[in-house]
Amino acid sequence: MKVVYALRARDEEPIIRRAIESHDWADLIVVCDGGSIDKTVEIAQEYPNVLITHFDERYGRTDGLWRNPEGRQI
């Protein structure tokens, strides 16, 4: 039996290594990236047991910022 761990992320550059390495017991870690603009994806790609899925759809907010539809990412 294989164990897969899903890890939600968006702009987690400061902590993504720790998050991945703390789940090294999993056979596969799926990083569900919600449109990171920092180095989160590049760092996650360094690990051989990580698969990255991208959720880049964005909704604009009235304050000029954006967010992605969390339901799809979850």
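Our structure's up above, just so we're on the same page.
Conventions used here
- Residues numbered from 1 in each chain as written.
- Predicted model: local features only at pLDDT ≥ 70, side-chain atom pairs only at ≥ 80, totals over all residues.
- Heavy atoms only, no water.
- Helix = DSSP H or I, 4+ residues; strand = E, 2+ residues; numbered from the N terminus.
- Core = buried A, V, L, I, M, F, W, Y, C linked by side-chain atoms within 4.5 Å.
- Buried < 20%, exposed > 50% of the residue type's maximum accessible area, 1.4 Å probe, protein only.
- Contact = heavy atoms within 4.5 Å.
- Phe/Tyr/Trp six-rings, centres within 6.5 Å; stacked < 30°, edge-to-face > 60°.
- Pairing = 2+ DSSP bridges.
- Axes fitted to C-alpha atoms, helices over the stretch in contact; angles between N-to-C directions.
- Polar contact = N/O pair within 3.5 Å; in protein donor to acceptor, adjacent residues only side chain to side chain.

J.: In this structure, what is going on with unusual backbone geometry? I would like to understand it.
T.: For residues other than glycine, phi is negative in most cases, and the peptide bonds are mostly trans. With phi around 55°, D11 is a residue other than glycine that occupies positive phi space. By secondary structure assignment, the location of D11 is in the loop between β1 (4–9) and α1 (16–21).

J.: What's the story with the nonpolar core in this structure? I'm lost.
T.: Soluble globular proteins: nonpolar side chains tend toward being buried together. Core analysis: the largest hydrophobic core is formed by 14 residues, its most contacted members being L7, I20, I29, V31 and V50. Only β1, α1, β2 (28–33), α2 (40–44) and β3 (50–54) provide two or more residues apiece to this core. The contacts of V50, once residues within four sequence positions are left out, are I20, L28, I29, V31 and A44.

J.: Please clarify how the packing of aromatic side chains should be interpreted in this entry.
T.: Working definition: an aromatic ring pair is given by the centre-to-centre distance plus the angle between the planes. For the coordinates displayed, the defined rule picks out 1 aromatic pair. Plain terms: the ring middles of Y5 and W25 are 5.9 Å apart, the flat faces sit at 75° to each other, and that makes the pair edge-to-face. Separated by 20 residues along the polypeptide, Y5 in strand β1 and W25 in the loop between α1 and β2 bring together distant segments of the chain. Among the residues examined, Y5 registers a relative accessible area of 25% and is labelled partly exposed.

J.: Looking at this model, I keep getting lost on the sheet that holds β1. Mind explaining?
T.: Strand pairing in a sheet relies on backbone hydrogen bonds, with the paired strands running either antiparallel or parallel. Strand order in the open sheet formed by 3 strands is β1-β2-β3, and the pairing between neighbours is parallel. Only two strands of the sheet have a single partner each, and these edge strands are β1 and β3. Sheet twist, expressed as the mean angle between neighbouring strand axes with direction ignored, is 25°. Where β1 lies against β2, 6 bridges are found, and the strand directions are parallel. Along β2, the bridge assignment pairs A6 with V30.

J.: Looking at this structure, I do not really get the side chain of T40. What am I missing?
T.: When you line up the elements, T40 lands in helix α2. Given the relative accessible area of 1%, T40 is considered buried. For T40, the side chain forms a polar contact with the main-chain nitrogen of E13, separated by 3.1 Å. With sequence-adjacent residues up to four places away left out, T40 is seen in contact with A9, D11, E12, E13, I16 and D33.

J.: Just to check I follow, could you spell out the environment of E46 for this structure?
T.: Take E46: it is sitting in the loop between α2 and β3. A C-alpha to C-alpha distance of 9.5 Å links E46 and R17, two positions 29 residues apart in sequence. A polar contact is formed between the side chain of E46 and the side chain of R17, at a distance of 2.7 Å.

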